[in-house]
Amino acid sequence: MYNNYSPVVSRCCTPTITSYSRSKMQTEIVAEYCAKHPESAKYFERANKVMPGGQTRSVTHFEPFPVILTHGKNGHVFDVDGHEYIDVVNNYTSLIHGHTFAPVVSAVNALLEHGGVAFPAVHPHQMRLAEQLVARIHSAELVRFTNSGSEASSLAARIARHVTGRLEIVMAHEGYHGAVPPFSETTEPNVMRVPFNDPIALEAAVSERTAAIILEPFQGAAGVIPASPGYLQHAQQLAERYGALFILDEVQSLRNSYYGVQQDLGITPDLTILGKIIGGGYPIGAVVGKAEHLLQTSPYTAGHLVHSGTFNGHLTSCVAGAATLEYLDAQTIQCLNDRTGKLRAEILEAAADHGIHIRVSIAGSIMNVHPAEKTAHDALYENLHLSLILEGVYAAPRGMLNLSTALDQSHLNAIAQAYRCAFERIATAD
């Protein structure tokens, strides 16, 4: 995000923190941010001594230094400087009920009191969550758990290659299926990347060498960019034509539709990748789909694909996920989606009132604020993100935000007002 700036030493916080050359507007906002977060600056310096770049997750970093969060409650998070924020990141869409959701807390506490959270055996709690997923997602005949959506993506690719005897995977540019091979390296020789929403390019890439096409209903990491009408249906048809598997990544999108977005679109993936909300805030991933493909991991299948993991189906994740899904019915999802649409309109209005040109992409209860002009790309993201923090709203540095059931109308009003104040701050800072 900040590659267009020249590194300099920031003097508004501690001298060893790297910052960037900025306009007067940016300098004022950064100075105010630094002044209000001295403890975060100290903790970040401490983190730099034991973790590369002071963090262990690239997406959580931002300049001049990240807020150090200590805890969360309902729809709020708190930092080491004593500030409270309305949380619209929700650990990147994984906390659909916010923090300390009572049914999840109760389920996890009961598990801990009962004794044991991980066993080298199948457990009833794993079965319960798997049964919920099979009942909920019509294309899910069987379930295989992993520790994250990233691991689930890797397993889905392994299954596709095992089933077809082919190596090539077709995915979209800027598609995100986790920080794992074969998706993490742009130089992977057997992964072909095509422009998203370009059916002609997709058709040209798929052949008899293709093991799988893997796509998202919307590109989350790229800015919440929805698939064009008919695009995913065309991808499924191509996969069927060439004997490849069609894999749909619903790690984020499951929160937007009770049966999964695939049901709304009328598609039936061979495999679906899940994660985020199915763990209720705990690490989890899953590959669900047609029995004929998932059975390739069964010990009863000759030449089966070996898939292990010490913490696959960890019981804390299973009980938390089951509780989360139990309280996430179709009406609740629709309410979240409707509220997000209304908030989007208020954000657009607030920006227009201050002469700031933006666009806001949306998919269900997730949206992303973008600059209208690419030339304003980095500056708007940084200024808006830091301004929102100063206004008491914790959004993602890349402009993404999503809602949780822990937020009521008063929270939504406060979020809309925070955006209005942030846009005013940006418009008047020069």
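Higher on the page you've got the structure.
Residues numbered from 1 in each chain as written. Predicted model: local features only at pLDDT ≥ 70, side-chain atom pairs only at ≥ 80, totals over all residues. Heavy atoms only, no water.

Whether parallel or antiparallel, the strands of a sheet pair through hydrogen bonds between backbone atoms. With respect to topology, three strands assemble into an open sheet ordered 15-16-18, the strand pairing being antiparallel. Edge strands, defined here as strands with exactly one partner in the open sheet, are strand 15 (358–363) and strand 18 (400–402). Between one strand and the next, the sheet's axes are offset by a mean angle of 20°, whatever the strand orientation. Both strand 15 and strand 16 (residues 366–371) contribute to a ladder of six bridges, which runs antiparallel. Its bridge partner lying in strand 16, R359 is registered against H370. Against the sheet, helix 12 (residues 330–353) engages strand 15, strand 16 and strand 18, with an angle of about 175° to strand 15. (Pairing = 2+ DSSP bridges. Helix = DSSP H or I, 4+ residues; strand = E, 2+ residues; numbered from the N terminus. Axes fitted to C-alpha atoms, helices over the stretch in contact; angles between N-to-C directions. Contact = heavy atoms within 4.5 Å.)

Now for the pattern of salt bridges. Under the counting rule described, the total for this entry stands at ten salt bridges. A salt bridge links K36 to E32, with the shortest nitrogen-to-oxygen separation between them at 3.2 Å. Placement of both K36 and E32 in helix 1 (residues 24–36) is noted, with a separation of four residues, approximately one turn of the helix. According to the relative accessible area criterion, K36 is partly exposed, its value standing at 38%. The network of salt bridges with common partners includes E32, K36, E391 and R425. (Salt bridge = Lys/Arg side-chain N within 4 Å of Asp/Glu carboxyl O. Buried < 20%, exposed > 50% of the residue type's maximum accessible area, 1.4 Å probe, protein only.)

Attention now moves to the layout of surface pockets. By volume, the second largest pocket is sized at about 880 Å³. Along its surface, the second largest pocket is lined by 44 residues, and R57, T60, L69, N91 and H99 are the ones closest to its centre. Elements with a minimum of two residues in the lining of the second largest pocket: helix 2 (38–48), strand 3 (69–73), helix 3 (90–93) and helix 4 (102–114). A total of four residues in the lining of the second largest pocket trace back to one element, the largest contributor, which is helix 4. Taken together, the residues that form the lining of the second largest pocket break down as 24 nonpolar, 18 polar and two charged. (1 Å grid on protein atoms, 1.4 Å probe; cavity = no way out; pocket = protein on both sides within 12 Å on 5 of 7 lines; lining within 4 Å. Points joined across faces, edges and corners; volume = space filled by probe spheres on them. Nonpolar A, V, L, I, M, F, W, Y, C, P; charged D, E, K, R; others polar.)

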